[in-house]
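Breakdown of the fold
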Amino acid sequence: RKEVEQDPGPFNVPEGATVAFNCTYSNSASQSFFWYRQDCRKEPKLLMSVYSSGNEDGRFTAQLNRASQYISLLIRDSKLSDSATYLCVVNEGTGGFKTIFGAGTRLFVKA
Amino acid sequence: ETGVTQSPTHLIKTRGQQVTLRCSSQSGHNTVSWYQQALGQGPQFIFQYYREEENGRGNFPPRFSGLQFPNYSSELNVNALELDDSALYLCASSEDWGGQQFFGPGTRLTVL
């Protein structure tokens, strides 16, 4: 089982659609969680941190379920500019620090 | 405020050679992490340096080594280059070892 698994994608959605990304992680002792966005041939950029209480930033909502070891990202009212790869990221601090990225889910938003 | 910078932008080496990649962290950040990203995959964690000490390491062989300097800039050294080492190498800095990471633009390494 991979340490961090994401939906394989790609997702093809029309403008205005709501799209959900899912991610699971294997280490129950994982400490912090993030979603990053990566445009083609660019570096990853932080989208948002993820907390058990859930957090929202405009059209983006992230949620963490520690019991199920599951992280989600919801994008409402998709824009063309949302087209990118979305990366789920988990930090582990037991036995030495490690950051684990999922393989990413590619999103295409079409007019 | 200056962001994370990396040099060089691109590099071509031959198998068996050695390479050094450089990273300047964002102002106020004391932690640097290095990643390898192959085409179509997520970044793979190589190691992290916190206040000049290696703080964690991923599943990379010892020929991948690093340093962090007192100004918190960092180097990644790769010895005995292999064809599979061709990838984008990303550096990220953070205020602390478990915090949000901010990435540089990367160094694209090609091994022939």
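If you're wondering where the values come from, they're calculated on a predicted model, not measured in any experiment.

Some words on the overall build of chain B
A tally of regular secondary structure across chain B gives zero helices and eleven strands. The helix and strand sequence of chain B, counted from the amino end, reads β-β-β-β-β-β-β-β-β-β-β. Taking 112 residues into account, the globule formula puts the C-alpha radius of gyration at 13 Å, and chain B, at 13 Å, falls close to it. Expressed along its principal axes, the backbone C-alpha trace of chain B runs to roughly 40 × 25 × 25 Å. Across the 112 residues in chain B, those meeting the buried criterion constitute 49%.

Things to note about the pattern of salt bridges
Enumeration according to the criterion identifies ten salt bridges over all chains in this entry. Ionic contacts of the salt-bridge type, sharing partners, join the residues B:Arg63, B:Glu82 and B:Asp85 into one network.

Re the interface of chain A and chain B
Counting residues at the interface gives 20 residues for chain A and 21 residues for chain B. Both faces considered, chain A and chain B share a buried interface measuring about 1,600 Å² in area, 55% of it formed by carbon and sulfur atoms. Among the residues chain A hides against chain B, the three largest losses belong to A:Glu43, A:Phe97 and A:Phe101. Together they make up 35% of the total. Counting across the chain A and chain B interface gives eight residue pairs in polar contact (both at pLDDT 80 or more). When contributions to the side of chain A that touches chain B are tallied by element, the ones reaching two or more residues are β4 (32–38), β5 (45–50), β9 (84–92) and β10 (98–101) of chain A. Of the residues assigned to the side of chain A that touches chain B, the class counts are eight nonpolar, nine polar and three charged.

A look at unusual backbone geometry
Omega for the bond connecting A:Gly9 with A:Pro10 falls within 30 degrees of zero, at 0°, which places this linkage in the cis form. Within the element layout of this structure, A:Pro10 appears in the loop between β1 (4–6) and β2 (11–14). Following B:Ser7, the chain continues into B:Pro8 via a peptide bond in cis, with omega recorded as -10°. Its identity as a non-glycine residue notwithstanding, A:Asp77 has a phi of 50°, on the positive side.

Conventions and cut-offs
Residues numbered from 1 in each chain as written. Chains lettered and ligands numbered in written order. Predicted model: local features only at pLDDT ≥ 70, side-chain atom pairs only at ≥ 80, totals over all residues. Heavy atoms only, no water. Helix = DSSP H or I, 4+ residues; strand = E, 2+ residues; numbered from the N terminus. Rg over C-alpha atoms; globule rule 2.2 N^0.38 Å. Buried < 20%, exposed > 50% of the residue type's maximum accessible area, 1.4 Å probe, protein only. Salt bridge = Lys/Arg side-chain N within 4 Å of Asp/Glu carboxyl O. Contact = heavy atoms within 4.5 Å. Buried area = accessible area lost by both parts, 1.4 Å probe. Polar contact = N/O pair within 3.5 Å; in protein donor to acceptor, adjacent residues only side chain to side chain. Nonpolar A, V, L, I, M, F, W, Y, C, P; charged D, E, K, R; others polar.

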